[in-house]
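Structural overview for review
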Amino acid sequence: MKLYENITIGNFLFSLGYSLRDKQGKNMLAGSINLLQQTPADQLLGDVLLKFKGVVRLIEFKAEGASLAKEKGRHAALCVAIQERQFEAISRGVHWFIETKATEKTLGLRVVPYLDAFPRPSGPKVQLLEEFISVLAEDIATQNITYTGAQINEYLAWVRRTQGTGAVGSGGLLLLAEPGGLLRFAPLADLLDLNLEHSVWIKERVVRLDRDIDLMRQRENERQRKLERKGLGLER
């Protein structure tokens, strides 16, 4: 069965959101999800760039049977740069390659760090997309952070340099999801910004949220006092 990459990506993003909502609890969640496929940033970075505070993933999706000639060239250039700059550890944590194949029962695929994308193994290696999503959602929910924003930015900058001299040419959106389903968006001038605007905007939103909660409590306390006074008046 033929399965286009954008269908897989759409289901991946929906499933990640569903899993994050389940793991969110009472914590506020802030992140930026950038679908870069068919944009200038696709050639410079990859298909999907996820940023949730310090948890970042750059993911390249490929359908089984797709032409991989260009991807092999990108992979070879990046491997040389990684060896020169000693980026191997951070690359294996942040940069991933997902190759998909639809079967009768599930979505079979190969999920490996981008460095291990080529050469491809001779035998089939089927992994489940659900497992990758579950681990990623857990890392985001628990803020399992290994590298700083500055380190990740440096790596992404080298990924861009190995793929050409073009510009990403796009801003991004920051999403703040609060318990109960309340959503807020804020624009980001640069979708590669990992820290500054995120942290400032999140802090401002937290202060505003705390203020709103205090106001709601004050109103509820006042309502209860009025009901109590009304009840005492009726008893007389």
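Reading the values: rules and limits
- Residues numbered from 1 in each chain as written.
- Predicted model: local features only at pLDDT ≥ 70, side-chain atom pairs only at ≥ 80, totals over all residues.
- Heavy atoms only, no water.
- Helix = DSSP H or I, 4+ residues; strand = E, 2+ residues; numbered from the N terminus.
- Buried < 20%, exposed > 50% of the residue type's maximum accessible area, 1.4 Å probe, protein only.
- Contact = heavy atoms within 4.5 Å.
- Areas by Shrake-Rupley, 256 points an atom, 1.4 Å probe, with all protein chains shown as cover.
- Salt bridge = Lys/Arg side-chain N within 4 Å of Asp/Glu carboxyl O.
- Polar contact = N/O pair within 3.5 Å; in protein donor to acceptor, adjacent residues only side chain to side chain.
- Phe/Tyr/Trp six-rings, centres within 6.5 Å; stacked < 30°, edge-to-face > 60°.
- Lys NZ or Arg CZ within 6 Å of the ring centre and 35° of its normal.
- Pairing = 2+ DSSP bridges.

What to know about the overall build of the protein
Within the protein, the secondary structure is distributed over 7 helices and 8 strands. Within the protein, the fraction of its 236 residues that count as buried is 40%. Of all intrachain contacts in the protein linking residues separated by at least 6 positions in sequence, the fraction that spans at least 24 positions is 61%. Accessible area for the protein stands at about 13900 Å²; split by element, carbon and sulfur atoms hold 54% of it.

Examining the pattern of salt bridges
This model, assessed by the stated rule, comprises 11 salt bridges. The residue Arg92 makes a salt bridge to Asp116 at a minimum N-O spacing of 2.7 Å. In this pair, Arg92 is assigned in helix α4 (residues 88-94) and Asp116 in the loop between β5 (107-113) and β6 (127-128), connecting sequence segments 24 residues apart. Between Glu220 and Arg223 there is a salt bridge, with the nearest N and O atoms lying 2.9 Å from each other. Of the two residues, Glu220 and Arg223 are both situated in helix α7 (residues 196-235); the distance of 3 residues between them amounts to about one turn of the helix. Exposure remark for Glu220: the relative accessible area of 34% places this residue in the partly exposed category. Residue classification places Arg223 among the partly exposed residues on the basis of a relative accessible area of 43%.

Overview of the environment of Glu60
As for its position among the elements, Glu60 is in strand β3 (residues 55-63). Between the alpha carbons of Glu60 and Asp47 there is a distance of 5.1 Å; along the sequence they are 13 residues apart. Excluding residues within four positions of it along the chain, Glu60 makes contact with Gly46, Asp47, Glu71, Arg74, Trp96, Phe97, Ile98 and Tyr114.

Some details on unusual backbone geometry
Pro119 follows Phe118 through a cis peptide bond whose omega is 0°. Tracing the backbone shows Pro119 in the loop between β5 and β6. For Gln86, which is not glycine, the phi dihedral falls at a positive 55°. Within the secondary structure, Gln86 sits in the loop between α3 (69-85) and α4. For Gln143, which is not a glycine, the phi torsion comes out positive at approximately 55°. Here Gln143 lies in the loop between α5 (129-142) and α6 (149-163).

What to know about the side chain of His95
For His95, the location among the structural elements is in strand β4 (residues 95-102). A distance of 2.7 Å separates polar atoms of two side chains, one belonging to His95 and the other to Tyr155. Not counting the four nearest positions on each side in its chain, His95 is found in contact with Leu45, Leu58, Leu78, Ile90, Pro113, Tyr114, Tyr155 and Val159.

Thoughts on the packing of aromatic side chains
Under the definition given, this model contains 6 aromatic pairs. Three or more aromatic residues joined by ring pairs make a cluster, and in this case those are Phe12, Phe61, Trp96 and Phe132. Seen from the ring of Trp158, Arg161 lies directly overhead, with NZ or CZ sitting 4.8 Å from the centre.

Observations regarding the pairing of β3
Most of β3 is tucked away: 9 of the 9 residues are buried. In β3, alternate side chains face the same way, and those of Val55, Arg57, Ile59, Phe61 and Ala63 on one face and Val56, Leu58, Glu60 and Lys62 on the other are all buried. As paired elements, strand β2 (residues 48-52) and β3 share 5 bridges and run antiparallel to each other. Paired with Phe52 across the strands is Val55, a residue of β3. Counting the residues in the hairpin turn of β2 and β3 gives 2 residues, including Lys53, whose phi is positive at 55°.

Focus on the environment of Val55
Along the chain, Val55 falls in strand β3. Taking the relative accessible area as the measure of exposure, Val55 reaches 3% and is therefore buried. On a C-alpha basis, the gap between Val55 and Thr146 in space is 8.3 Å, while along the polypeptide they are 91 residues apart. Apart from the residues lying within four places of it in its own chain, the contact partners of Val55 are Leu50, Leu136, Asp139, Ile140, Gln143, Asn144 and Ile145.

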